[in-house]
Amino acid sequence: QLVESGGGLVQAGGSLRLSCAASGGTFSSYGMGWFRQAPGKEREFVASITVNGGNTAYTDSVKGRFTISRDNRKNTVYLQMNSLKPEDTALYYCARVAGPNTYDYWGQGTLVTVSS
């Protein structure tokens, strides 16, 4: 089970840190990712992190602003979001990597709203 938290309303230029707590599995054995879905748009990849956190990947629009990290002792993956823009407004989901570009377990999402 994956449970996201940390979303909320923030002004443009502000910051939020999302958390995704995992339970019921071997968290440290899986890569993790963050996705988002804005109103009226398809879900899109945001960031991913490998098992030990040694490699990360980001979509171009968040590079330099967002940072994904994980704490395997706490079974939690984070998404630090800085310099937020109104276009970052979306429902943010975490997911577990099942294979190349494949995710098998998803959280319910946490809403991020950035006001201009």
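Our structure is the block above this text.
Scope of this entry: the structure provided in the associated data block.

A look at the overall build of the protein chain
Moving on, step 1. Of regular secondary structure, the protein chain possesses 0 helices and 11 strands.
Moving on, step 2. Taken from N to C terminus, the helices and strands of the protein chain fall in the order β-β-β-β-β-β-β-β-β-β-β.
Moving on, step 3. Relative to the globule expectation of 13 Å for 116 residues, the C-alpha radius of gyration of the protein chain, 13 Å, shows essentially globular dimensions.
Moving on, step 4. Seen along its three principal axes, the alpha-carbon backbone of the protein chain occupies a region of about 40 × 25 × 25 Å.

Brief notes about the sheet that holds strand β1 (residues 2-5)
Two orientations exist for strands paired in a sheet by backbone hydrogen bonds: parallel and antiparallel.
Moving on, step 1. Strand order in this open sheet of 4 strands is β1-β3-β8-β7, and the pairing throughout is antiparallel. Among the strands making up the open sheet, the edge pair consists of β1 and β7 (66-71). Here the average twist between neighbouring strands, direction ignored, is 15 degrees.
Moving on, step 2. When β1 meets strand β3 (residues 16-22), the two strands line up antiparallel, connected through 4 bridges. Bridge pairing in β3 places Ser 5 opposite Ser 19.

Focus: the environment of Gly 7
Moving on, step 1. Tracing the backbone shows Gly 7 in the loop between β1 and β2 (8-11).
Moving on, step 2. Accessibility expressed as a relative area gives 32% for Gly 7, which makes it partly exposed.
Moving on, step 3. Gly 7 sits 85 residues away from Tyr 92 along the chain, and the two C-alpha atoms are 8.1 Å apart.
Moving on, step 4. Gly 7 has contacts with Leu 16, Leu 18, Thr 110, Leu 111 and Val 112, leaving out every residue within four places of it along the chain.

Let's talk about the pattern of salt bridges
Moving on, step 1. Scanning the entire structure with this criterion turns up 6 salt bridges.
Moving on, step 2. Note that Arg 36 and Glu 44 form a salt bridge whose closest N and O atoms lie 2.6 Å from each other.
Moving on, step 3. For Arg 96, the salt bridge identified is with Asp 104, shortest N-O distance 2.7 Å.
Moving on, step 4. Each of the salt bridges in this network shares a partner with another, and the network as a whole consists of Arg 36, Glu 44, Arg 65 and Asp 88.

Digging into the nonpolar core
Moving on, step 1. Core analysis: the biggest nonpolar cluster contains 26 residues, and Trp 34, Leu 79, Met 81 and Tyr 92 have the highest contact counts within it.
Moving on, step 2. Elements supplying a minimum of two residues to this core: β3, β4 (32-37), β5 (44-49), β7, β8 (76-81), β9 (90-99) and β11 (110-115).
Moving on, step 3. Here this core takes 4 residues from β3, the largest share from any one element.
Moving on, step 4. With sequence-adjacent residues up to four places away left out, Met 81 is seen in contact with Gly 14, Ser 15, Leu 16, Leu 18, Arg 65, Phe 66, Tyr 92 and Val 112.

Observations regarding the pairing of β3
The side chains of a regular strand alternate, residue by residue, between the two faces of the sheet.
Moving on, step 1. Of all 7 residues that make up β3, 5 are buried, and the element is covered over most of its length.
Moving on, step 2. Pairing of β3 with β8, which is carried by 6 bridges, proceeds in the antiparallel orientation. In the sheet register, Leu 18 faces β8, and the bridge partner there is Leu 79.

Quick notes on the side chain of Asp 88
Moving on, step 1. Positionally, Asp 88 belongs in the loop between β8 and β9.
Moving on, step 2. Leave out the neighbours within four places in its chain, and Asp 88 touches Arg 36, Arg 65, Phe 66, Ser 83, Val 112 and Val 114.

The rules behind these values
Residues numbered from 1 in each chain as written. Predicted model: local features only at pLDDT ≥ 70, side-chain atom pairs only at ≥ 80, totals over all residues. Heavy atoms only, no water. Helix = DSSP H or I, 4+ residues; strand = E, 2+ residues; numbered from the N terminus. Rg over C-alpha atoms; globule rule 2.2 N^0.38 Å. Pairing = 2+ DSSP bridges. Axes fitted to C-alpha atoms, helices over the stretch in contact; angles between N-to-C directions. Buried < 20%, exposed > 50% of the residue type's maximum accessible area, 1.4 Å probe, protein only. Contact = heavy atoms within 4.5 Å. Salt bridge = Lys/Arg side-chain N within 4 Å of Asp/Glu carboxyl O. Core = buried A, V, L, I, M, F, W, Y, C linked by side-chain atoms within 4.5 Å.

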